[in-house]
Amino acid sequence: MTQLASPLNRTVRHRRWQNPKAGLLFLLPSTIILIVFVAYPIVQSAWMSLHNWSYLQSTQPFIGFQNYIALASDPRFWNALGNTAIFSAVTVPLQVVVGMLLAIKFSRSSWFASFFRSIYFFPVISAFATMAIVWKFLLSPDIGPFAAWEHALGIPTVNILQSTSLALPAVIVVGLWKNVGFTMVILIAALQEVPESLNEAAALDGAGSWGRFRNVTLPAIRQPLLFATILAVIASLQVFDQVYVMTGGGPLFHTETLVTYMYQLGFQQYRSGYAAAVAWVLFILIMLVSVVQLRIFRYRDVD
Amino acid sequence: MSTSSLPVYLRHQRTPLRLTLTIIGWVVISLIALFVVFPFVWMILTSFKTEKDVFALPAQLWPAHWSFLSYSEIWKELPFARLFLNSVIFAGGVTVISVVFDSFAAYALARLDFPGKNIAFYLVIATLMVPYQITLIPLFQELFNLQWLDSYQGLIVPRATSAFGIFLLRQFFVSIPRDLDSAARIDGASEFRIYAQIMMPLAKPAIATLAVFQFMNNWNDFLWPLVVTSSTDMRTIPAGLTLFGGQYVVDYAVLMAGATISLLPLGLAFFFAQRYFVQGIATTGIK
């Protein structure tokens, strides 16, 4: 704040706003859109989940928490929740650790570091649904190149995306292929903010490379690392594109996730109330995970 | 390699073990890099294959006969021109409108003093972390009530502002010295003039970052256009290609040509202006 601004702002503040009309006008378009298309739908989603809501019916009867009670005994919901949990539990640690390793390797500027950085980042800018078509093709048991290599090596060819044991791992690997670069880029930006002098001082004190990473680098990038992790968790809980395109949730629901199940309920079976209940479970899950992660990191901070 | 240019902490003795580890590290990185680019290489090479090559057993990476047929067939087998136009209108429309609205809101939150400012700021923060998947079911109902399903306004308007964009630009505006706009205000300049002639020109890098980020996300988005549109004429490229690819008999070379064309705009932009792509994502971690 400049010296000039404070007397102008502070003393007048409680009697008169400085630019009431301009402020409200500038804010109007965004506020309307955020309220109508973000805030209201969240509330509406909760409201719908308390009804037997369907676009196909003329009335939407109120049924209290029955959708949630039904969810609790819906094996397809538990299956979708389980698959989503497995997907997250495997994806997030790998994405953060590999992203971190790559970030450390590529954070210094040299032509080959930036060359590899671009390669690892490139999937991030591609359309996932479109690239999932390509992946489906790559994994095709007859005309795909992976099958050709398996054939050449004498390994029996498997239809990976139709296999109950391999479809989910395939979806996970493709997810990592797409998103590792995202985490890497956040962490590279964070690493570049760490002052070189900190590392140098630690090195002069005789710290090894692991010690420097553990005691200098890691604490310095705690905040961005937390955000990268939260973003990875949130994204993984919403996995949809590659599942929809590559397996459609199959074989036999083995890759069905919360969002693909919600999509099916809401837009193919038109059970909107029930689908809204699934959406709310997902919402609560995301909030819980974010809060827990923020807690853990804060706790360590006090340590 | 001269070690004197390296920072102190990297000036280790080059023991054979260390050297071996370094080499293994780069070999692993190169192998994974091959894995990362492979789908793109396969996609592009396949788009130049003849049908015979596509179905050759075992699969060949390199086309036996180069053919450009897919690139002319794509416009006939699919309403691809229409899909492309829809993607341009959707992603372009969202980008332009949201950059304008976001910068309006960001300017108000960073510089102006008015009732309800704090509430507005909390609204932005609260919606920042909300994934749109959660609002999808009621949004569909809302668009149905407005009779906006399967229309450009239905695709664009709900996305015409983003909490992320407002937040990003606000952070940037706050960092601009106040003397600049205070002086103009004392000279009697209107708030709109200060916004348009002082703040926006200074914010060009942040605007470019946001625009690239928005364009990329919407050009690539799948679920939103899939839900909002239903007729073939309103589909965007990812949704259109996916539905085409789901048909029983598929011309893979044509499909790969479509995928290659759809990657082209962002691929080229990435080649020339990589830093804007990177900045948009890097800021999500720093906020």
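Refer to the structure presented above.
All values derive from a computational prediction rather than experimental measurement.

**Student:** Whenever I open this one, the packing of aromatic side chains confuses me. Can you help?
**Tutor:** Given two aromatic rings, one states the distance between the centres and the angle between the planes to describe the pair. Counted under the stated rule, the structure contains 55 aromatic pairs over all chains. Between the aromatic rings of A:Phe26 and B:Tyr195, the centroid separation amounts to 5.4 Å while the plane-to-plane angle is 55 degrees, which identifies the pairing as tilted. One end of the pair, A:Phe26, is in helix H2 (residues 20–49); the other, B:Tyr195, is in helix H10 (residues 191–202), on a second chain. Assigned by exposure class, A:Phe26 and B:Tyr195 land together as buried. When the ring of A:Phe112 is compared with that of B:Trp26, the centres are 5.1 Å apart and the planes differ by 80 degrees; the resulting orientation is edge-to-face. A residue pair is termed interchain when its members come from two chains, as with A:Phe112 in helix H5 (residues 111–125) and B:Trp26 in helix H1 (residues 16–47). We note B:Lys49 situated over the ring of B:Trp42; from NZ or CZ to the ring centre the distance is 4.0 Å. The ring of B:Tyr132 has B:Arg159 sitting right over it, with the charged end atom 4.5 Å from the ring centre.

**Student:** Even after reading the chapter, I still don't get helix H13 (residues 258–267) of chain A, so can you show me in this structure?
**Tutor:** Think of an α-helix as 3.6 residues a turn; residues three or four steps apart then line up on the same face. In terms of burial, H13(A) is largely enclosed, as nine of its ten residues are buried. Taken residue by residue, H13(A) has A:Leu258, A:Val259, A:Thr260, A:Tyr261, A:Met262, A:Tyr263, A:Leu265, A:Gly266 and A:Phe267 as its buried positions.

**Student:** Can you help me understand unusual backbone geometry in this one?
**Tutor:** Trans is the prevailing form of peptide bonds, just as negative phi is the prevailing case for residues other than glycine. All names here are of chain A. Put simply, Gly-250 and Pro-251 share a cis peptide bond, and its omega is -10 degrees. By secondary structure assignment, the location of Pro-251 is in the loop between helix H12 (241–246) and H13. Positive phi values are uncommon outside glycine, yet Tyr-270 reaches one of about 55 degrees. Along the chain, Tyr-270 falls in the loop between H13 and helix H14 (272–302). Overall, Tyr-270 belongs to the partly exposed group, its relative accessible area being 30%.

Reading the values: rules and limits
- Residues numbered from 1 in each chain as written.
- Chains lettered and ligands numbered in written order.
- Predicted model: local features only at pLDDT ≥ 70, side-chain atom pairs only at ≥ 80, totals over all residues.
- Heavy atoms only, no water.
- Phe/Tyr/Trp six-rings, centres within 6.5 Å; stacked < 30°, edge-to-face > 60°.
- Helix = DSSP H or I, 4+ residues; strand = E, 2+ residues; numbered from the N terminus.
- Buried < 20%, exposed > 50% of the residue type's maximum accessible area, 1.4 Å probe, protein only.
- Lys NZ or Arg CZ within 6 Å of the ring centre and 35° of its normal.

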